[in-house]
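A closer look at the structure
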Amino acid sequence: MATNETTIQNVLPTKIDPSSARFQKNEHAMAAMVAELRNQENVIFQGGGAKAIESQHKKNRLTARERIDLLLDPKTGLFELGEFTAYGMYEEWGGAPCAGVVTGIGEIHGRKFMVIVNDATVKAGAFFPMTAKKVIRAQNIAIENHIPTIYLVDSAGVFLPLQEDVFPDQDDFGRVFRNNAVMSAMGIPQITAIMGMCVAGGAYLPVMCDHILMTEGSGLFLAGPALVQAAIGAKYSAEELGGAEMHSQISGTVDFREPNDHLCIARIRSLVEKMGQRHHSVFSRHEAVAPKYSAQELYGIYDGDPGKQYDMKEIIARIVDGSRFDEYKSEYGETVLCGYARVGGFAVGIVANQKTHVQQTDKSGNKRVEFGGVIYTESAEKAARFIMDCNQNLVPLIFLHDVNGFMVGRDAEWSGIIRAGAKMVNAVSNSVVPKISMIIGGSFGAGHYAMCGKAYDPRFMFAWPSAKYAVMSGGAAAGTLVEIKVKQLERGGTKLSDEDKKKLFDSVKATYDEQMDPRYGAARLWIDKIIDPADTRAVLVEALEACALNPDVKEFKVGVLQT
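Description of the structure in this document. The residue numbering used here restarts from 1 in each chain and proceeds along that chain's sequence as written. The predicted nature of this model means local features are confined to residues of pLDDT at least 70 and side-chain atom pairs, given and counted, to a pLDDT of 80 or more, with totals for whole chains, interfaces and linings taken over all residues. Water and hydrogen atoms were dropped before computing side-chain values, which therefore reflect all heavy atoms in the structure.

1. Observations concerning the environment of Val289
- Helical segments are the DSSP runs of H or I of at least four residues, strand segments are the runs of E of at least two, and each set is numbered from the N terminus. Tracing the backbone through its elements, the reader meets Val289 in the loop between α10 (261-272) and α11 (298-301).
- Sequence spacing of Val289 and Ser323 is 34 residues, and the spatial spacing of their C-alpha atoms is 8.9 Å.
- Any pair of residues with heavy atoms lying within 4.5 Å of one another is described as a contacting pair. Aside from chain neighbours lying at most four places away, what touches Val289 is Asp321, Gly322 and Arg537.

2. A look at the packing of aromatic side chains
- Centres within 6.5 Å make a pair out of two Phe, Tyr or Trp rings, where for Trp the six-membered ring is used; the pair is then stacked when the planes are under 30 degrees apart, edge-to-face when over 60, and tilted otherwise. All told, the structure shown has 16 aromatic pairs when counted by the stated rule.
- Where Phe79 meets Phe462, the ring centres are 6.1 Å apart and the plane angle is 70°; that geometry is what we call edge-to-face. With Phe79 in strand β1 (residues 79-81) and Phe462 in strand β18 (residues 460-463), the pair connects residues that are 383 residues apart, well separated along the chain.
- Phe79 sits in the buried class, given a relative accessible area of 11%.
- A centroid spacing of 5.7 Å and a plane angle of 10° characterise the contact between Phe460 and Phe462, whose relative ring orientation is stacked. Assigned by exposure class, Phe460 and Phe462 land together as buried.
- Here the aromatic cluster, defined as three or more aromatic residues joined through ring pairs, consists of Tyr90, Trp93, Phe128 and Phe159. Remark: exposure states derive from per-residue accessible area (1.4 Å probe, protein chains only) relative to the maximum for the residue type, with buried under 20%, exposed over 50%, and partly exposed in between.

3. A closer look at the environment of Arg324
- Checked against the element boundaries, Arg324 lands in the loop between α12 (312-317) and β9 (326-327).
- Residue Arg324 is classed as partly exposed on the basis of its relative accessible area, which comes to 40%.
- With 217 residues separating them along the chain, Arg324 and Glu107 place their C-alpha atoms 30 Å apart.

4. Topic: the nonpolar core
- The definition of a nonpolar core used throughout is a set of buried Ala, Val, Leu, Ile, Met, Phe, Trp, Tyr and Cys residues joined through side-chain atoms within 4.5 Å. If you look at the biggest cluster of nonpolar residues, it comprises 75 residues, and the most contacted ones within it are Ile316, Ile350, Phe460 and Phe462.
- In this structure, Ile350 is in contact with Ile316, Val320, Phe325, Leu337, Cys338, Gly339, Ala341, Phe386, Ile398 and Leu400, ignoring residues within four places of it in sequence.
- Ranked by size, the runner-up nonpolar core spans 26 residues in total, among them Phe386, Leu397, Val403 and Val433.

5. Observations regarding unusual backbone geometry
- Backbone geometry at Cys98 places phi at a positive 60°, although glycine is not the residue there.
- With respect to the helices and strands, the residue Cys98 is situated in the loop between β1 and β2 (101-108).
- The buried category is assigned to Cys98, whose relative accessible area is 3%.
- Despite not being glycine, Leu525 shows a phi value in the positive range, around 65°.
- Judged by its relative accessible area of 6%, Leu525 falls in the buried class.

6. Quick notes on empty space enclosed by the protein
- A 1.4 Å probe that fits but cannot get out identifies a cavity on a 1 Å grid over protein atoms alone, an open set with protein on both sides within 12 Å along at least five of seven lines counts as a pocket, and a residue lines either if it has an atom within 4 Å of a point. Grid points are joined across faces, edges and corners, and a volume is the space filled by probe spheres set on the points. This model, assessed by the stated rule, comprises two cavities of 30 Å³ or more.
- There is about 150 Å³ of room inside the largest cavity.
- Asn118, Phe127, Val153, Ser155 and Leu205 are the residues nearest the centre of the largest cavity, which is lined by 17 residues in total.
- Elements represented by at least two residues in the lining of the largest cavity include exactly β3 (111-118), β4 (149-155), α5 (174-185) and β5 (190-199).
- By the convention adopted, Pro, Cys, Tyr, Trp, Phe, Met, Ile, Leu, Val and Ala count as nonpolar, Lys, Arg, Asp and Glu as charged, and the other residues, Gly among them, as polar. Residues belonging to the lining of the largest cavity are distributed by class as follows: 13 nonpolar, four polar and no charged.
- In this structure, the second largest cavity spans a volume of roughly 60 Å³.

7. With respect to the pairing of strand β17 (residues 435-444)
- By the criterion of burial, β17 is predominantly enclosed, with 10 of the 10 residues buried.
- Examined bridge by bridge, strand β15 (residues 397-403) and β17 share six bridges and lie parallel to one another. Following the sheet pairing, Phe399 is matched in β17 by Ser437.
- Strands were regarded as paired on the criterion that DSSP finds at least two bridges between them. Across four bridges, the pairing between β17 and β18 is parallel. Bridge pairing in β18 links Met438 to Phe462.
- A clockwise path from the first strand over the helix to the second, with the strands pointing away from the viewer, defines a right-handed crossover. Traced from β17 through helix α16 (residues 445-450) to β18, the parallel crossover comes out right-handed.

8. As for the pattern of salt bridges
- We define a salt bridge as a contact between a side-chain nitrogen of Lys or Arg and a carboxyl oxygen of Asp or Glu at a distance within 4 Å. Per the stated rule, a full pass over the model turns up 34 salt bridges.
- The partner of Glu80 in a salt bridge is Arg65, with the nearest N and O atoms 2.9 Å apart. Highlighted residues: Glu80 in strand β1 and Arg65 in helix α3 (residues 64-71), separated in sequence by 15 residues.
- Each member of the salt-bridge network shares a partner with another, and the members are Glu107, Lys112, Arg285, Glu542 and Glu545.

9. Things to note about the packing of helix α13 (residues 377-392) against helix α15 (residues 417-430)
- With axes taken as lines fitted to C-alpha atoms, and helix axes fitted only over the stretch in contact, angles between N-to-C directions fall between 0 and 180 degrees. Relative to each other, α13 and α15 sit at 20°, their axes nearing to 8 Å. Classified by the angle between their axes, α13 and α15 sit roughly parallel to one another. Between α13 and α15 lies a crossing of left-handed hand. Packed against α13, whose contacting residues are Thr377, Ala380, Glu381, Ala383, Ala384, Ile387 and Met388, the element α15 presents Ile417, Ala420, Gly421, Lys423, Met424, Ala427 and Val428 at the interface.
- Of the residues belonging to the contact of α13 with α15, the class tally is 10 nonpolar, two polar and two charged. Here the word oblique covers every angle except those under 35 degrees (roughly parallel), over 145 (roughly antiparallel) and from 65 to 115 (roughly perpendicular). We call a crossing left-handed when the near helix sits turned anticlockwise from the far one by less than a right angle, and right-handed when that turn is clockwise.

10. Things to note about the packing of helix α4 (residues 129-145) against α5
- Close contact between α4 and α5 brings their axes to 9 Å; oriented N to C, the two are set at 15°. As the angle between them shows, α4 and α5 are arranged roughly parallel. α5 is crossed by α4, and the crossing has left-handed handedness. On α5, the residues that touch Ala132, Val135, Ile136, Gln139, Asn140, Ala142 and Ile143 of α4 are Arg175, Val176, Asn179, Asn180 and Met183.

11. Looking at the environment of Ala546
- Position of Ala546 relative to the elements: it lies in helix α20 (residues 536-547).
- Along the primary structure Ala546 and Gly174 are separated by 372 residues, whereas in three dimensions their C-alpha atoms are 26 Å apart.
- For Ala546, the contacting residues outside a window of four places in its chain are Ile105, Lys112, Asn145, Ile147 and Phe460.

12. Comments concerning the pairing of β2
- A large share of β2 lies buried, amounting to seven of its eight residues.
- Taken together, the three bridges between β1 and β2 define a ladder with antiparallel strand orientation. Across the sheet, the residue bridging to Leu81 is Thr103, located in β2.
- Relative to β3, β2 runs antiparallel, the two sharing eight bridges. Paired with Ile108 across the two strands is Arg111, which belongs to β3.
- Taking the residues that link successive antiparallel strands as the turn, the β2-β3 hairpin has two residues, and the phi of His109 there is positive, at about 50°.

Here's what the structure looks like:
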């Protein structure tokens with residue numbers, strides 16, 4: 001009996017011409033942004049600078065990054081998160097590169113670990129407000145993804161001049177120890193090595209972990225010698241009060257006493273090598289297949305001008321396995337692309353803003369042009385349904401942002417844009433499969449929320465150097481704010497000249513543009529990592545591998561859904 005064979009057409013075609021003037025212009029602009037980013041990272045990676053590094057070495061201690069290099073498997077490297085944390089902040093105190101702590105995911109004996117390492121070259125590893133938030137963010141990633149965690153502690157404790165912003169709140173210093181306890185109760189392994197000072201409240205961190213190591217010459221105490229003398233009038237040496245020998249022989253607080261950094265890290269690796277594993281991933285993964293098109297071409301596809309069109313499918317084609325994409329409802333609500341694919345072998349659902357203008361026929365039979373990057377009623381409804389389907393079928397979600405926001409105006413309101421937007425936000429909010437967000441271009445207003453912005457618990461939040469992140473664009477915001485200011489002044493009897501209005505507009509826009517920069521968001525941990533566009537696929541694979549460590553997926557419920 002004859003059989004009919006059919007082959008679905010799901011390989012994305014490409015229309016890219018790398019020799020075109022527009023492609024080359026885009027390519028040069030993106031290359032310049034990436035180069036600037038790399039130069040800034042190189043400065044950040046120096047920590048407190050050459051003198052501070054030399055001082056650390058004189059104490060026979062390694063720097064944070066030297067310790068990480070020894071800890072991780074050779075040639076694997078750290079998938080660093082939060083490099084730009086505190087960027088441009090605390091300048092009055094001399095700055096705090098990387099917020100004085102290095103965090104990221106690395107491999108030890110082929111197993112993924114979250115590493116959290118104090119950088120003692122930055123203010124003796126003291127905790128600034130953003131230091132605490134960065135450690136907590138790393139812990140939260142570890143909690144969400146069930147990633148075993150290693151802490152290398154070398155910190156003078158809270159940065160006292162800013163203690164009011166470090167000490168009291170839910171996302172401040174005390175939350176670190178609360179998370180230690182929660183992670184332990186969840187069965188997430190935690191290993192701590194005290195490799196310098198560990199004082200005051202910070203002393204609770206290592207003691208709440210599963211394994212505690214300590215090097216000779218380090219100190220672990222609730223109060224140092226000076227504070228003890230001031231408080232109770234007693235005089236003790238640091239070694240007598242909280243040295244490694246005392247804690248290993250008398251208090252019994254530490255499990256392993258090691259002579260130096262090298263042997264301490266060797267001991268950690270030996271302990272890791274003997275750890276068992278609980279997880280069995282529930283997400284589909286096949287053998288990875290490379291995309292058909294070069295990742296380097298991503299430089300030339302994206303146009304940094306928010307008014308310019310480009311086809312988001314060209315970007316997807318350079319990220320997904322075999323450039324294959326099963327597009328969902330391809331002829332409906334076309335300003336949001338939805339579809340199934342694989343990335344690094346993992347099955348994923350992709351929700352992405354389409355930046356080309358499309359012609360749509362409404363329910364009355366009228367044709368209209370829908371603008372790329374705008375979420376319309378039909379596209380919001382489609383995305384909501386797709387997100388629910390992915391949750392039903394245990395498919396992780398990837399959101400690719402270049403969104404201006406939801407459509408406004410009478411026609412949009414009459415079509416039920418608020419109801420449709422609420423449906424999409426509900427689906428994103430209640431989603432139980434892993435969500436990963438990547439900001440490519442603009443991510444503005446409620447569109448940012450619907451596309452799984454930071455407030456909607458993405459497991460990871462990444463951005464290209466071209467990302468813009470705010471309520472609205474700089475020009476729109478400046479125009480609105482200037483108009484309000486002018487009216488206020490005019491009510492008080494002051495009339496501004498056109499030149500004064502322009503100066504005010506330029507001043508407001510400059511401030512707003514600075515705050516839209518991805519480095520501004522990354523400094524405040526709104527973004528976990530700013531990446532080279534050519535690394536997009538590799539970064540997504542790293543994130544998906546981390547997400548797959550957590551096999552627990554809650555029951556999916558959406559509550560009262562707008563219909």
